[in-house]
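Structural features, examined
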Amino acid sequence: MSSCCTNFVRIRNYIDGKWVEDAGVKYTPLYNPSTGEVIGEVPLSSRETSLAAIDSAYKAYDSWRRLPLGKRMSFLFAIRSEMEKNLEELAYSIAIDQAKHISEARGEVQRVIQIIETACSIPTLIQGDTLEGISGNINGKVIRQPLGVFGGIAPFNFPGLVFGWFVPFAIGVGNTFILKPSTQSPLYMQKMCDIFTGIGLPPGVVNVIHGHRDVPEVWYDHPKMSGVCLVGSTPTAKKIAAKCGENGKRTMLLAGAKNYLVVMEDADMNVFIENYIHSCYGSAGQRCLAGSVVAAVPEIYDEVVERIMAASRNVKVGDAMDPDVYMGPVISAEAKKKIENYIDIGIKEGAKLILDGRKPAVAEKNKNGYFVGPTVFVDVDPSMRIVKEEIFGPVVAVLKVNCINDALEKIRAQEFGNGACIFTQNLFYAEKFIQEANVGMVGVNVGICAPHPYLPFGGIKDSLVGTDKVQGKCGINFFTQEKVATVRFDSPKRGKETSSETVGPKTGAVRSCVAS
């Protein structure tokens with residue numbers, strides 16, 4: 001393994017194709033959440049460094065956008081190839097500072113590779129349109145072109161995946177990009193920058209800068225920036241939308257979530273439980289499509305609770321690198337405290353705590369890690385905060401609903417609208433849920449309704465601020481702008497002599513407002 005993942009590491013910025021240390025700035029500690037140990041430090045970059053990253057990306061843009069499309073794709077292919085060669089090291093970097101289990105970290109890297117493979121189809125997906133014979137000898141063309149420099153803000157929970165959502169599509173169509181990783185999980189992008197250098201990616205095409213909110217705040221009104229992307233909280237997304245909107249910047253803003261798993265009376269319980277564990281406890285519940293509310297109809301409610309309890313008790317919590325562990329820690333001591341506070345809130349609101357994940361048993365070496373075990377509440381109602389608010393941890397509320405219409409109504413009443421899943425063998429239930437669940441992504445007999453890379457990913461309501469989603473053609477459309485050309489390809493009087501005396505203003509009853 002790389003020493004950057006095993007020894008104390010000082011995280012650096014990557015600007016203009018070079019590693020840059022920001023002299024005189026403060027550093028924040030980088031922790032291994034599995035042990036609570038300090039494993040490095042991350043720079044809180046200055047405004048001047050943020051401006052330097054913009055200048056570098058802006059300078060690189062003109063030559064990068066003019067590079068032949070096939071050549072840009074060759075760089076994407078090269079990134080993909082190097083990621084495959086270094087998959088284990090990339091996964092290790094995620095498991096160390098983000099601390100999702102190493103098996104899940106491998107899956108995240110593999111999904112990024114798949115996303116880049118999809119981005120390699122840009123030459124097909126970016127093709128424009130031609131309309132012949134609009135008016136005699138006039139044709140119309142629609143083409144897609146890049147816009148300039150984009151900035152992206154990544155959350156702590158998916159340092160690889162969010163890079164994949166933003167960067168390959170942005171640079172593939174001809175833009176340049178500045179990425180700000182989370183200060184809590186920067187190791188993955190350190191390795192990716194090594195890959196950029198190794199394949200000879202031109203300087204400035206991708207810059208990586210670390211720090212807090214003041215780093216991207218420079219972007220929102222900067223004349224050289226074309227747009228901003230975020231995966232984060234709803235309040236942050238709305239603030240960015242307002243600031244960028246005032247200055248004419250594009251935004252792609254994926255925000256908070258609270259996702260239902262609906263269990264009908266005919267559900268295959270083995271399928272449900274397998275997916276429940278993955279959905280609710282994978283990544284320690286720290287993902288935007290994690291199941292956090294189980295809604296079961298009366299006929300099978302008691303069985304659902306019984307099966308959830310039995311399965312949840314068997315979830316082993318521990319070090320993210322331990323192959324025998326299923327669920328690793330949460331990201332920080334602060335996150336652990338927040339989750340435990342929500343457990344207290346649930347108790348105070350009157351919910352019944354039937355499985356308490358506070359203070360789970362872990363190995364001695366992990367006693368200072370940030371662990372919360374599977375936690376289950378029953379006797380809840382939709383007015384409770386543990387049902388309405390995003391906890392971002394392995395805390396589940398089990399709710400009894402009268403029927404599918406009752407479940408759909410409760411989903412509809414939420415502020416969020418990211419995803420929802422139903423477990424059923426009934427085609428009517430499945431189709432009704434697909435049509436009427438007021439969310440952006442639905443699943444049938446799956447616990448994580450994340451679309452594959454070829455399809456758009458994103459919610460509605462307070463889970464998506466704006467309209468633009470990531471992945472597939474949606475990603476390409478966001479990072480490009482349409483240009484329409486009206487082309488006269490021959491003389492209006494083809495085959496006829498036109499005297500200079502007849503050229504001039506036309507009179508008559510009708511004059512067209514378009515070329516004719």
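I will try to describe carefully the structure that is included in this document.

Each value, and the rule that gives it
- Residues numbered from 1 in each chain as written.
- Predicted model: local features only at pLDDT ≥ 70, side-chain atom pairs only at ≥ 80, totals over all residues.
- Heavy atoms only, no water.
- Axes fitted to C-alpha atoms, helices over the stretch in contact; angles between N-to-C directions.
- Helix = DSSP H or I, 4+ residues; strand = E, 2+ residues; numbered from the N terminus.
- Parallel < 35°, antiparallel > 145°, perpendicular 65-115°, else oblique.
- Left-handed = near helix turned anticlockwise from the far one by under 90°.
- Contact = heavy atoms within 4.5 Å.
- Nonpolar A, V, L, I, M, F, W, Y, C, P; charged D, E, K, R; others polar.
- Buried < 20%, exposed > 50% of the residue type's maximum accessible area, 1.4 Å probe, protein only.
- 1 Å grid on protein atoms, 1.4 Å probe; cavity = no way out; pocket = protein on both sides within 12 Å on 5 of 7 lines; lining within 4 Å.
- Points joined across faces, edges and corners; volume = space filled by probe spheres on them.
- Pairing = 2+ DSSP bridges.
- Salt bridge = Lys/Arg side-chain N within 4 Å of Asp/Glu carboxyl O.
- Expected span 1.5 Å × (residues − 1).

On to the packing of helix α2 (residues 69-85) against helix α4 (residues 102-119), then. Put simply, α2 and α4 touch, their axes get as near as 10 Å, and they point 160° apart. Classified by the angle their axes make, α2 and α4 are roughly antiparallel. Between α2 and α4 lies a crossing of left-handed hand. Listed contacts from α4 to Met73, Leu76, Ile79, Arg80, Met83 and Glu84 of α2 are Val109, Val112, Ile113, Ile116, Glu117 and Ala119. Partitioning the contact of α2 with α4 into residue classes produces 9 nonpolar, no polar and 3 charged.

Turning next to the side chain of Ser312. Mapped onto the fold, Ser312 is located in helix α11 (residues 298-313). Here Ser312 falls in the buried class, since its relative accessible area comes to 2%. Not counting residues up to four positions away in its chain, the partners in contact with Ser312 are Tyr276, Ile277, Tyr281, Leu355, Pro374 and Val376.

Per the stated rule, a full pass over the model turns up 2 cavities of 30 Å³ or more. The space that makes up the largest cavity amounts to roughly 110 Å³. Along the walls of the largest cavity sit 14 residues, with Gly285, Ala290, Ser292, Glu390 and Phe392 positioned nearest its centre. Of the residues in the lining of the largest cavity, the class split is 6 nonpolar, 5 polar and 3 charged. Lining the second largest cavity are Trp165, Val231, Leu254, Ala255, Cys288, Asn418, Phe457, Gly458, Gly459 and Ser463. Here the residues of the lining of the second largest cavity are counted per class, giving 6 nonpolar, 4 polar and no charged.

Once that is clear, we can look at the sheet that holds strand β13 (residues 259-263). The mixed open sheet is built from 7 strands, whose spatial order is β15-β16-β17-β14-β13-β19-β20. Two strands bound the open sheet, and with one partner strand each, they are β15 (352-355) and β20 (441-444). Put simply, the sheet's adjacent strands are angled 25° from each other on average, direction ignored. As paired elements, strand β19 (residues 419-423) and β20 share 4 bridges and run parallel to each other. Bridging from a neighbouring strand, Ile422 pairs with Val444 of β20. Where helix α12 (residues 333-348) meets the sheet, it contacts β15, β16 (375-378) and β17 (395-400), and its direction lies at approximately 20° from that of β16. In this fold helix α14 (residues 404-412) packs onto β13, β17 and β19, with an angle of close to 180° to the strand it touches most, β13.

With the rule as written, the count across this model stands at 24 salt bridges. The shortest N-O distance in the salt bridge between Lys191 and Glu89 comes to 3.8 Å. Taken as a pair, Lys191 in helix α7 (residues 187-199) and Glu89 in helix α3 (residues 87-97) lie far apart in primary sequence, 102 residues in all. In this structure, Lys191 and Glu89 share a single accessibility class: buried. Between Glu436 and Lys432 there is a salt bridge; the shortest N-O distance is 3.1 Å. On the criterion of helical spacing, the pair formed by Glu436 and Lys432 is a turn pair, its members being 4 residues apart in helix α15 (residues 427-436). Each member of the salt-bridge network shares a partner with another, and the members are Arg10, Glu21 and Glu41.

It is worth spelling out helix α6 (residues 159-172) at this point. For α6, which comprises 14 residues, the first-to-last C-alpha distance of 20 Å matches the rise-based estimate of 20 Å (1.5 Å per residue) to within 8%. For α6, a buried count of 14 out of 14 residues is recorded, marking the element as mostly surrounded by other parts of the structure. Once α6 ends, the next one or two residues include Gly174, with phi positive near 120°.

Moving on, we come to the pairing of β13. Within β13, 5 of the 5 residues are buried, which leaves the element mostly enclosed by the surrounding structure. Alternating positions in β13 separate into two faces, Asn259, Leu261 and Val263 on one and Tyr260 and Val262 on the other, with burial throughout. As paired strands, β13 and strand β14 (residues 291-296) are joined by 5 bridges and run parallel to one another. Bridged to Tyr260 within β14 is Val293. Where β13 lies against β19, 4 bridges are found, and the strand directions are parallel. Bridge pairing in β19 links Leu261 to Cys421.

A separate point is the packing of α3 against α7. Where α3 meets α7, the axes come as close as 8 Å, and the angle between the chain directions of the two elements is 155°. Considered as vectors, α3 and α7 are oriented roughly antiparallel to each other. Contacts between α3 and α7 involve Glu89, Leu90, Ser93, Ile94, Ile96 and Asp97 from the former and Leu187, Tyr188, Lys191, Met192 and Ile195 from the latter. Taken together, the residues of the contact of α3 with α7 sort by class into 7 nonpolar, 1 polar and 3 charged.

So, on to the sheet that holds strand β7 (residues 138-146). Spatially, β6-β7-β23 is the arrangement adopted by the 3 strands of the open sheet, whose pairing is antiparallel. The sheet is open, and its two edges are formed by β6 (129-131) and β23 (480-488), each paired on a single side. Taken pair by pair, the neighbouring strands of this sheet meet at an average axis angle of 20°, ignoring direction. Of the strand pairs in this sheet, β6 and β7 are connected by 3 bridges, and their pairing is antiparallel. Paired with Asp129 across the bridge in β7 is Val142.

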